[in-house]
Amino acid sequence: MERYWRERAPYVIHITGVDINPSQPLFWISLSGDCTAEHAVTHGITNLKLDGFIVSPKPSLVMDEQPPFNVVLFGESGCGKSSIVNMLLGSDAAATSGGGRGCTFQSAGYDIVIGKKNFRIHDTAGLEEGEKGRVPAHDAIVQLYKLLRSLEDGVSLLVFCMKAPRVKKSGQHNWILFHDIMCQSKVPIAIVVTGLEEEDDMDEWWEDNEDVFREYGMLSHGHACITAIRGKKKNGRFIFQEEYDESKVKVENMIRKCYKVEQRRLDKVQWFRRVLYETRYEHHCFWTEIIKEEVGEIKGALDDLVSRCGMPEKDAKLLAEELSRVP
Ligand SMILES: Nc1nc2c(ncn2[C@@H]2O[C@H](COP(=O)(O)OP(=O)(O)O)[C@@H](O)[C@H]2O)c(=O)[nH]1
Ligand SMILES: [Mg+2]
């Protein structure tokens, strides 16, 4: 059976958080038909706790030997992240939350080639999946931070995903948390706006809303106003096929324009830190050295969670404690 899949499957799945030799991945599966990567993994290894998984084309299909540039999609649940991944892949590898199918519980990486460069697109758990049966918001934040910290080659591009009609305050908070605080504003960020299939000109949305992003301090390196669905099939073709094809090219061009060749490994964020006032007095009297330091309040990124991300202090403290345990 395994040999059958090994020979036929176009993709290889690497499970992260499990000690495996990358040249001998655990599974070879086919992503065609109803079998999505997520289903296959959860069915196959229910006894293991997964941090995430990466779906890569077989080595024979990869462009060059360079490690892929990591592109991380993030945003609220239901904004279309998994649909964007599927659009870029040209398959249904990532489970979307429509039609009774599962939503994204763990992050997953999908390898694609754009303009002869390898990119690994990371689909992540939605940041507000707090309802019953879904990933609580805290867990989703911790998972995303773990993913960012675990990318050994660094992060090349963050993509903030949202659905029209408008950008929300919670979106601004997520932007500050991941871009400004966790990535210390050192990783480029781009915006994808979905849900624009009914617009005569999808790009007009940007012109109408640009000011709001500016007011929110969400300054991006590029954007794409798109639809990530094809719509219903009528007379043998999908009603938004044209917009969908155009959208795929837009997102590819955006990635090509915005990604950073020098990927940035994420430094550990100082969630709690004592501020040391710079009052050092050094007196050399014979062999002694007296150093006086004045210790201020506990500050650090925890403060930003409250003041810039609008989190209640109690929640911010709990989250910061959890995040500070991430290696
Ligand atoms: N109308 C419309 N629906 C979309 C678009 N992109 C995604 N969806 C739908 O929104 C739902 C959530 O999409 P999904 O990709 O799972 O969102 P995720 O939670 O961010 O991964 C699904 O039913 C998708 O079909 C879009 O551009 N327009
Ligand atoms: Mg999803």
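Bear in mind the structure is a predicted one, so any value in this text is a computation, not a measurement. (Residues numbered from 1 in each chain as written. Chains lettered and ligands numbered in written order. Predicted model: local features only at pLDDT ≥ 70, side-chain atom pairs only at ≥ 80, totals over all residues.)

Trainee: Give me the lowdown on the overall build of the protein, citing residues and values where you can.
Mentor: The helix and strand inventory of the protein stands at nine helices and 15 strands. In the protein, which comprises 327 residues, the share counted as buried stands at 36%. Here the contacts in the protein between residues at least 6 apart in sequence split such that 68% fall between residues at least 24 apart. (Helix = DSSP H or I, 4+ residues; strand = E, 2+ residues; numbered from the N terminus. Buried ≥ 20, exposed ≤ 12 C-beta atoms within 10 Å, placed from the backbone. Contact = placed C-beta atoms within 7 Å.)

Trainee: Now, about the packing of helix α4 (residues 137-150) against helix α9 (residues 313-324): what can you tell me, with residues and values included?
Mentor: Close contact between α4 and α9 brings their axes to 10 Å; oriented N to C, the two are set at 30 degrees. Comparing their axes, α9 and α4 come out roughly parallel. The two elements α4 and α9 meet at a crossing, and its hand is right-handed. Of α9, the residues touching α4 (which contributes H138, I141, V142 and Y145) are L319, E322 and L323. Taken together, the residues of the contact of α4 with α9 break down into five nonpolar, one polar and one charged. (Axes fitted to C-alpha atoms, helices over the stretch in contact; angles between N-to-C directions. Parallel < 35°, antiparallel > 145°, perpendicular 65-115°, else oblique. Left-handed = near helix turned anticlockwise from the far one by under 90°. Nonpolar A, V, L, I, M, F, W, Y, C, P; charged D, E, K, R; others polar.)

Trainee: Could you give an account of the pairing of strand β5 (residues 107-114), with specific residues and numbers?
Mentor: Pairing of β5 with strand β6 (residues 117-123), which is carried by seven bridges, proceeds in the antiparallel orientation. By the bridge assignment, Y110 is partnered in β6 with I121. (Pairing = 2+ DSSP bridges.)

Trainee: Lay out the confidence of the model for the protein with the relevant residues and their values.
Mentor: Across the protein, the average pLDDT comes to 78, with 67% of residues at 70 or higher. In this model, residues 129-135 is a region of pLDDT below 50 whose contacts with residues beyond four sequence positions or in other chains number 11 contacts. The low-confidence segment residues 277-281 (pLDDT under 50) makes 10 contacts with residues lying over four places distant or belonging to another chain. (pLDDT = per-residue confidence, 0-100.)

Trainee: Before we move on, can you summarise the packing of helix α3 (residues 81-89) against helix α7 (residues 241-258) with the specific residues and values?
Mentor: The packing of two helices is summarised by the inter-axis angle and the distance between the axes. Running from N to C, α3 and α7 point in directions that differ by 90 degrees, and their axes come no closer than 10 Å. When the interaxial angle is binned, α3 and α7 end up roughly perpendicular. Of the residues in α7, those touching α3 at I84, M87 and L88 are Y244, S247, K248 and V251. Here the residues of the contact of α3 with α7 sort into five nonpolar, one polar and one charged.

Trainee: Can you break down the pairing of β6 residue by residue, with the values?
Mentor: Where burial is concerned, most of β6 is hidden: five out of the seven residues are buried. Of the pairings in the sheet, the one linking strand β4 (residues 69-74) to β6 comprises four bridges and is parallel in character. The partner of N70 across the bridge, within β6, is R120. Counted along the chain from β5 to the antiparallel partner β6, the turn is two residues long, and its residue G115 has a positive phi close to 50 degrees.

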